[in-house]
Amino acid sequence: MRQPFLTALFALLLTACSPLAHAATPVQGYQVVRTYPHDPNAFTEGLFLLGGFLYESTGREGASSIRKIDLGTGRVELERSIPSQFFGEGIIDWKDRLIELTWQNQLGFIYDLDDFETRGEFSYPGEGWALTRNDHRIYMSDGTSRLRFLDPETLKETGGVTVTDQGQPVDQLNELEWVKGEIYANIWQTDRIARIDPVTGRVKGWIDLTGLLPVEDRPGADVLNGIAYDAKADRLIVTGKLWPRLYEIRLVPKD
């Protein structure tokens, strides 16, 4: 019986010593390409780019809004306030609609994308944090390690996936963005963005944005939150709650 035991032990040791056995998830750094003005009073919850404009939702009861913004100047082209009892959360576009979550009311709103007029409501269990989409599905975060799948026409939940890194659940998934077939997710209260495989939920890599907001801009600012991607121009833009700037960044190997 000793020989099979020794053989198995030797194989186990080889596996444990393999460079692939405990390979760390890759971490990327960043270079700032350009900055854009951002309302320092905007408690950013949702962010996306469409047609050359920035669409942003802001949170806090009594101060939540959705906005269409000229990216270059920061000028608000269109704005709608959310009823004061709601804490606005993530937004996404689908065809001619803009869809918004609220935090703890289990209620979402549907607006006309052109004029922000209300077109309907929808409900969901639990909290609402953020939304993103590809061409056939909407993805929703709720602060846990699970991403929900929503039918973009009915906004009914159709499934989901648990996000993991090295086999461990990754929770506090916040603002989301679809980038080149992956889901980028802010991790609340950190300076990191997870690059997630939308099929398996596995974290394929991390983006470390430590130091992005200069020291002189930190007083009064809150956490990193907000990712927008312009697929046509291949531009990745990030910001945070109450930050005075948006940052267009390029991903680079981390030192």
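Conventions used here
- Residues numbered from 1 in each chain as written.
- Predicted model: local features only at pLDDT ≥ 70, side-chain atom pairs only at ≥ 80, totals over all residues.
- Heavy atoms only, no water.
- Helix = DSSP H or I, 4+ residues; strand = E, 2+ residues; numbered from the N terminus.
- Buried < 20%, exposed > 50% of the residue type's maximum accessible area, 1.4 Å probe, protein only.
- Contact = heavy atoms within 4.5 Å.
- Polar contact = N/O pair within 3.5 Å; in protein donor to acceptor, adjacent residues only side chain to side chain.
- Pairing = 2+ DSSP bridges.
- Axes fitted to C-alpha atoms, helices over the stretch in contact; angles between N-to-C directions.
- Core = buried A, V, L, I, M, F, W, Y, C linked by side-chain atoms within 4.5 Å.

**With respect to the environment of Glu-177**
Logical step 1: On the secondary structure map, Glu-177 appears in strand β16 (residues 173-179).
Logical step 2: With relative accessibility at 7%, the residue Glu-177 sits in the buried group.
Logical step 3: The spacing of Glu-177 and Asp-70 is 107 residues in sequence and 20 Å in space, taken between C-alpha atoms.
Logical step 4: Apart from the residues lying within four places of it in its own chain, the contact partners of Glu-177 are Leu-47, Phe-48, Thr-132, Glu-182, Ile-183, Tyr-184, Ile-227, Ala-228 and Tyr-229.
Logical step 5: A polar atom in the side chain of Glu-177 sits 2.9 Å from the backbone nitrogen of Tyr-229.

**Re the sheet that holds strand β10 (residues 130-133)**
Logical step 1: Reading across from one edge, β10-β11-β12-β13 is the order of the four strands in this open sheet, with antiparallel pairing throughout. Both outer strands of the open sheet, β10 and β13 (157-162), are each paired with one neighbouring strand and no more. Within the sheet, the average angular offset between the axes of one strand and its neighbour, ignoring direction, is 25°.
Logical step 2: Examined bridge by bridge, strand β12 (residues 146-150) and β13 share five bridges and lie antiparallel to one another.

**Points about the nonpolar core**
Logical step 1: Among the nonpolar cores identified, the biggest contains 24 residues, and Tyr-55, Leu-98, Ile-99, Phe-122, Leu-131 and Ile-138 are the most heavily contacted of them.
Logical step 2: Secondary structure elements with two or more residues in this core: β6 (88-94), β7 (97-102), β8 (107-112) and β11 (138-141).
Logical step 3: Residues within four places of Tyr-55 in sequence aside, it is in contact with Gly-46, Leu-47, Phe-48, Leu-50, Arg-67, Lys-68, Ile-91, Leu-98, Leu-113 and Phe-116.
Logical step 4: Membership of the second largest hydrophobic core comes to 16 residues, among which are Ala-130, Tyr-139, Leu-176 and Ala-185.

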